[in-house]
Amino acid sequence: MNPVIARITYRALLGRRRVLLLALLPVVLLLLAVAFRAGNGTDTATLLDHFGVTALLPLVALIVGTGVLGAELEDGTAIYLLATPTPRSTIVTTKFVVAAVMTVVFTAVPEFLAGIIAFPDRTRLSIAYAIGTAVGAVVYVAIFIALSVATRRAMAVGLIYVLVWEGLLASFVSGIGVLSVQQYSLSVAHALAKAGDEVPATVSLPVAIPMLLVVIVAATRLAIDRLSGYRISGEPG
Amino acid sequence: MTTLQLTAVSRWYGNVVAVNDITMTIGPGVTGLLGPNGAGKSTLLHMMAGFLPPSNGTVTIDGEPTWRRPKMYDVVGLVPEREAAYTFLTAREFVEASAKLHRLSDPQQAAQRALATVELTDAADRKLGTFSKGMRQRAKVASALVHDPQVLLLDEPFNGMDPRQRLHMMDLLMRLADAGRTVLFSSHILEEVERLSDIVQVVVSGRLAASGDFREIRRLMTDRPHVFTIRSTDDRRLAAALMGAQHTAGVSIEGGVLQVHAADFGSFTHALAATARDHRIGLREVIPADESLESVFSYLVRR
């Protein structure tokens, strides 16, 4: 963790136009929560899972995860970090920590608020979903940072993973849940919720925890390796 | 003394050969890497700067490879060509960040010194986003100089600079070279390289076309046949007169256009004026047909 890189990353992220999207998405969730409350909605899964864990979480993580390092590699500013003796592992882990904190702030916090707004008597469930979301945020950003160093199309690849793999295939093929960050989040939320609370998790916690740790470590190592061998491309000039 | 050594270096992208079997040694002083756009200068510079592995051969600084070795930035400073910058940082914050990333013991003082070197002290607390291209370029140089590197690599540092900024930058690079630093910059503009460099490496189509003292290369470039397109008050009579003149290698009139092949650039231009005067022919236009840098280079390559 390097404070100079952390500060620059944080300011760069909040300075980009995508920060508007970051702010907008949680606001939509909170508005939905208000609508739920007004309509006396009881379907917790629709709000906290479908809109929170399934939609808000991966989108915010994708914006932040590809924004902290990939955007700097793309616009050329990352060169000022890379042309220093700073270990590449320090750069990646710093970016990871900043991205994880930002994503938790923009997903787990509104998830919790949405829960207590829509279902005031289900605080425990709201906390469970918020913690599940926070865990998912950490795993997602690790993946998206690695993607953003490995490919210039990180945003597209990330969207395909979220929409096609997690969204579409996982609902047809049950085994895919083992490789779905969304399911890790739900698994954690399920474990923390009270018995009888409906959290639709398909992966058990003893499977989810080791899997998500493996994913975080593997993605981070991949990102460090790719950044160590970062090439300035472009036309041979 | 720090030496940058390239040995039999090639770099290709798929089927495209960007750099072809180049060997060169770069030591203290200013070295100009000269070549037309697309010649492979940036590719070479990226390999020297550790941002591209050679497909073949080795690129080393004091015997250590540059690729995948972040520690080498302790002795190397890089000024990239791209204009990108952290526009939300002030020049001071930007240079101080670089000082901290180089783990300098007194980053504030180092930044202050680097900003003074590029004469940005007055604008140090303005955001980079408000800077002109030339000022931004100087901030980039300050950031690359903050740890007082032995080797400074600059990719097209004069692009987008006005003449005054250009002179200032040239002066700065010369001062660094006088202090024993190894300074290498790339350029496609002959005059920049001529004014600044002790040593020139001319790269054309990925190959090292010429290498060494600039005066020597300049002589090769000027003492060579040139083609001139000439318009005069009487092209046919001038053609006939030039046929007999010394330093004329050949004369042709095709489609009403008089072209003269001169055997030597300097003496021909003198002889042409004298011949025209002696025959009372007015010269309307004398255009060196192949004065573009590319043709100079291709000439060098053929030699």
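Sequence order as written defines the numbering, with residues in each chain counted from 1. Numbering of ligands from 1 and lettering of chains from A proceed in the order in which they are written. At least 70 in pLDDT is required for a residue's local features to be given in this predicted model, at least 80 for side-chain atom pairs to be given and counted, and no such filter applies to totals for whole chains, interfaces and linings, which use all residues.

### Some remarks on the overall build of chain A
Our working definition: Secondary structure elements are defined from DSSP: runs of H or I of at least 4 residues count as helices, runs of E of at least 2 residues count as strands, and each element is numbered from the N terminus. Radius of gyration here uses only the C-alpha atoms, and the compact-globule reference equals 2.2 Å multiplied by the residue count raised to the power 0.38. We call a residue exposed when 12 or fewer other C-beta atoms sit within 10 Å of its C-beta, buried when the count reaches 20 or more, and partly exposed for counts in between; the C-beta positions come from the backbone. For every residue pair, C-beta atoms are placed from the backbone, and the pair is scored as a contact if these atoms sit within 7 Å.
When its secondary structure is counted, chain A shows 10 helices and zero strands. N-terminal to C-terminal, the α/β element order of chain A is α-α-α-α-α-α-α-α-α-α. Its C-alpha atoms give chain A a radius of gyration of 18 Å, near enough to 18 Å, the size a compact globule of 237 residues would have. Dimensions along the principal axes, computed over C-alpha positions, put chain A at roughly 65 × 35 × 30 Å. Looking at the 237 residues of chain A, the share that counts as buried comes to 50%. Considering only contacts within chain A whose residues lie at least 6 apart along the sequence, 78% involve residues at least 24 apart.

### A look at the nonpolar core
As a reminder of what qualifies: When buried Ala, Val, Leu, Ile, Met, Phe, Trp, Tyr and Cys residues are joined through C-beta atoms within 7 Å, the set is termed a nonpolar core.
One finds Val64(A), Ala137(A), Val141(A), Ile145(A), Val95(B), Ala142(B) and Leu153(B) to be the most contacted residues of the largest nonpolar core, which totals 151 residues. Here the element with the most residues in this core is helix H7 (residues 123-150) of chain A; it accounts for 19 residues. By size, the runner-up hydrophobic cluster in this structure holds 10 residues, among which are Ile230(B), Leu242(B), Ala262(B) and Phe268(B).

### Section: the packing of H7(A) against helix H10 (residues 205-228) of chain A
Packed helices, taken two at a time, are described by the angle between their axes plus the distance between the axes. Residue and element names in this part refer to chain A. The cut-off we apply is this: Here the axes come from fitting lines to C-alpha atoms, over the contacting stretch only for helices, and the angles between their N-to-C directions go from 0 to 180 degrees. Each angle is binned into one of four classes, with values under 35 degrees roughly parallel, values over 145 roughly antiparallel, values of 65 to 115 roughly perpendicular, and all other values oblique. Crossing handedness is defined as follows: a turn of the near helix away from the far one that is anticlockwise and smaller than a right angle gives a left-handed crossing, while the clockwise case is right-handed. Side-chain classes follow a simple rule in which Ala, Val, Leu, Ile, Met, Phe, Trp, Tyr, Cys and Pro form the nonpolar group, Asp, Glu, Lys and Arg form the charged group, and the remainder, Gly included, forms the polar group.
Two elements in contact, H7 and H10, have axes whose closest approach is 8 Å; the angle formed by their N-to-C orientations is 25 degrees. Considered as vectors, H7 and H10 are oriented roughly parallel to each other. Note that H7 runs across H10; the crossing there is left-handed. Residues Val-135, Val-138, Val-139, Ala-142, Ile-143, Ile-145, Ala-146, Val-149 and Ala-150 of H7 form the contact with H10, whose own contacting residues are Leu-212, Val-215, Ile-216, Ala-219, Thr-220, Leu-222, Ala-223, Arg-226 and Leu-227. Taken together, the residues of the contact of H7 with H10 sort by class into 16 nonpolar, one polar and one charged.

### What to know about the sheet that holds strand E12 (residues 248-254) of chain B
All names here are of chain B. Note the following rule: For two strands to be treated as a pair, DSSP must find at least two bridges joining them.
Spatially, E12-E13-E11-E14 is the arrangement adopted by the four strands of the open sheet, whose pairing is antiparallel. In this open sheet, the two strands that pair with only one neighbour each are E12 and strand E14 (283-288). Adjacent strand axes in the sheet meet at a mean angle of 25 degrees, parallel and antiparallel pairs treated alike. Direction of pairing for strand E11 (residues 226-232) relative to strand E13 (residues 257-262): antiparallel, over a ladder of five bridges. From the neighbouring strand, Ile-230 faces E13, where its bridge partner is Leu-258. Seen against the sheet, helix H8 (residues 235-244) touches E11, E12 and E13 and runs at an angle of roughly 160 degrees to E12. Packing against the sheet, helix H9 (residues 265-278) makes contact with E11, E12, E13 and E14, and its axis sits at approximately 20 degrees to E11.

### A closer look at helix H9 (residues 181-192) of chain A
All names here are of chain A. Operational definition: Here the expected length of a helix is defined as 1.5 Å per residue gap, with one fewer gap than residues.
End to end, H9 covers 17 Å across 12 residues, agreeing with the expected 16 Å (1.5 Å per residue, within 8%). Turning to H9, its buried residues are Val-181, Gln-182, Gln-183, Tyr-184, Ser-185, Leu-186, Ser-187, Val-188, Ala-189 and His-190. Where the residues of H9 are buried, they touch helix H3 (44-68), H7, helix H8 (154-172) and H10.

### Here we look at the packing of H7(A) against H9(A)
Residues and elements named next belong to chain A. At their nearest, the axes of H7 and H9 sit 8 Å apart, and the two run at 150 degrees to each other. Relative to H9, the element H7 lies roughly antiparallel. Seen from above, H7 lies across H9 with right-handed handedness. Residues Ile-127, Ala-128, Tyr-129, Ile-131, Gly-132, Thr-133, Val-135, Gly-136, Val-139 and Tyr-140 of H7 form the contact with H9, whose participating residues are Val-181, Gln-182, Tyr-184, Ser-185, Leu-186, Val-188, Ala-189 and Leu-192. By residue class, the composition of the contact of H7 with H9 is 13 nonpolar, five polar and no charged.

### Remarks on the domain arrangement of chain B
Put simply, the rule reads: An automatic or database domain assignment supplies the start and end points of every domain.
Segmentation of chain B into domains returns domain 1 (4-220) and domain 2 (223-302). For domain 1 of chain B versus domain 2 of chain B, the separation of C-alpha centres amounts to 40 Å.

### Things to note about the interface of chain B and chain A
Counting residues at the interface gives 30 residues for chain B, matched by 24 residues for chain A. The set of elements that each furnish at least two residues to the side of chain B that touches chain A consists of strand E2 (16-26), helix H1 (41-48) and helix H2 (91-101) of chain B. Partitioning the side of chain B that touches chain A into residue classes produces 15 nonpolar, nine polar and six charged.

### Focus on the pairing of strand E1 (residues 4-13) of chain B
Residues and elements named next belong to chain B. Note that E1 and strand E4 (residues 56-61) share five bridges and pair antiparallel. Among the inter-strand pairings, Thr-7 is bridged to a residue of E4, identified as Thr-58. The hairpin formed by E1 and E2 contains two residues between the paired strands, and Gly-14 there has a positive phi angle of roughly 60 degrees.

### Quick word on unusual backbone geometry
All names here are of chain B. The phi angle at Ala-8 is positive, at roughly 50 degrees, despite the residue not being glycine. Within the element layout of this structure, Ala-8 appears in strand E1. Of note, Glu-156 is a non-glycine position whose phi angle comes to about 45 degrees, a positive value. Examined against the element boundaries, Glu-156 turns out to sit in the loop between strand E7 (151-154) and helix H5 (163-178).

### A few points about the sheet that holds strand E3 (residues 29-34) of chain B
Residues and elements named next belong to chain B. Taking strand neighbours across the sheet as the criterion, the six strands line up as E6-E7-E8-E3-E9-E10 in an open arrangement whose pairing is mixed. Both outer strands of the open sheet, strand E6 (76-79) and strand E10 (207-213), are each paired with one neighbouring strand and no more. Neighbour-to-neighbour, the strand axes of this sheet turn through a mean angle of 15 degrees, independent of strand direction. Summarising the sheet, E7 and strand E8 (residues 182-187) pair through four bridges and their orientation is parallel. Within E8, the residue paired with Leu-152 across the bridge is Val-183. Those strands touched by helix H4 (residues 133-145) are E6 and E7, and its axis lies near 165 degrees from that of E6.

### Considering helix H1 (residues 3-15) of chain A
All names here are of chain A. Applied cut-off: Here the arc refers to the set of directions running from the helix axis out to each C-beta atom.
Compared with an ideal rise of 1.5 Å per residue, which puts 13 residues at 18 Å, H1 spans 18 Å between its outermost C-alpha atoms and is within 8% of the ideal. Considered for burial, the residues of H1 that qualify are Ile-5, Ile-8, Thr-9, Ala-12 and Leu-13. Within H1, the buried residues cover an arc of 130 degrees as seen down the axis, which keeps them to one side.

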